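One letter stands for each residue in the lines below.
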Amino acid sequence: SQIKRSLSDYPCMLTELHDAAQNVNDVKWRDKLYREIAKLYTITQDSASALAVLDQIQSADTKALAIRGIGFAAADHGYSPAALNTLFTKLHEKAKTIEAQASREIALTYIAMPQARAALDQDALITANMIQTDALRNKAHAENAEIQAERGDLDAAARSIAEIDDAAFKDRAYRLVSKIFT
């Protein structure tokens, strides 16, 4: 039989889980556990704890994935527009601390995507345009266009596609968006 828990049970469970994670010796597994804990904190509207957990993640790639998880959890779990803006600003600050450029730029992609999900389209566009590597920036705009299309917002998707400066990326984005709308 499955035990059903309400969100009110999460803070206690998360504290215990977070304490237990500190005893995991394998860094890869501990980082993955922290990534999931950060998402759960976000779901419970405790973004401060989620952001604090980010600092405990050692792997740049796992930190980028945790940033993605926090962003999407916030976009999907009732954060107000003001709370989202504050959280995304803090995620930007955390992304800046990632030393490896590729991982840092992937983190920016992972911020832009949930911004697009939350219909913060101008912010998603600005975030994607912060990415210096052409391929990663174009991929971010394509991801945003796909998310905006899934939201049913063709105009926003078209604006994201217009930012793509590579024909192959642009064609692929048009195909994905057109499939969503057909």
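This is a predicted model, so every value here is computed, not measured.

Asker: Requested: an account of the packing of helix H6 (residues 101–117) against helix H7 (residues 121–129), with residues and values cited.
Answerer: Close contact between H6 and H7 brings their axes to 8 Å; oriented N to C, the two are set at 165°. Considering their axes alone, H6 and H7 lie roughly antiparallel with respect to each other. Classified by chirality, the crossing of H7 by H6 is left-handed. Along the contact surface, H6 presents Leu-108, Ile-111, Ala-112, Gln-115 and Ala-116, while H7 presents Asp-121, Asp-123, Ala-124, Thr-127 and Ala-128. Among the residues forming the contact of H6 with H7, the class breakdown is six nonpolar, two polar and two charged.

Asker: How would you sum up unusual backbone geometry? Please name residues and give values.
Answerer: Not every positive phi belongs to a glycine, and Gln-45 is a case in point at roughly 70°. Its identity as a non-glycine residue notwithstanding, Ala-119 has a phi of 65°, on the positive side. Checked against the element boundaries, Ala-119 lands in the loop between H6 and H7. On the basis of relative accessibility, which here comes to 44%, the residue Ala-119 falls in the partly exposed class.

About the criteria used
- Residues numbered from 1 in each chain as written.
- Predicted model: local features only at pLDDT ≥ 70, side-chain atom pairs only at ≥ 80, totals over all residues.
- Heavy atoms only, no water.
- Axes fitted to C-alpha atoms, helices over the stretch in contact; angles between N-to-C directions.
- Helix = DSSP H or I, 4+ residues; strand = E, 2+ residues; numbered from the N terminus.
- Parallel < 35°, antiparallel > 145°, perpendicular 65-115°, else oblique.
- Left-handed = near helix turned anticlockwise from the far one by under 90°.
- Contact = heavy atoms within 4.5 Å.
- Nonpolar A, V, L, I, M, F, W, Y, C, P; charged D, E, K, R; others polar.
- Buried < 20%, exposed > 50% of the residue type's maximum accessible area, 1.4 Å probe, protein only.

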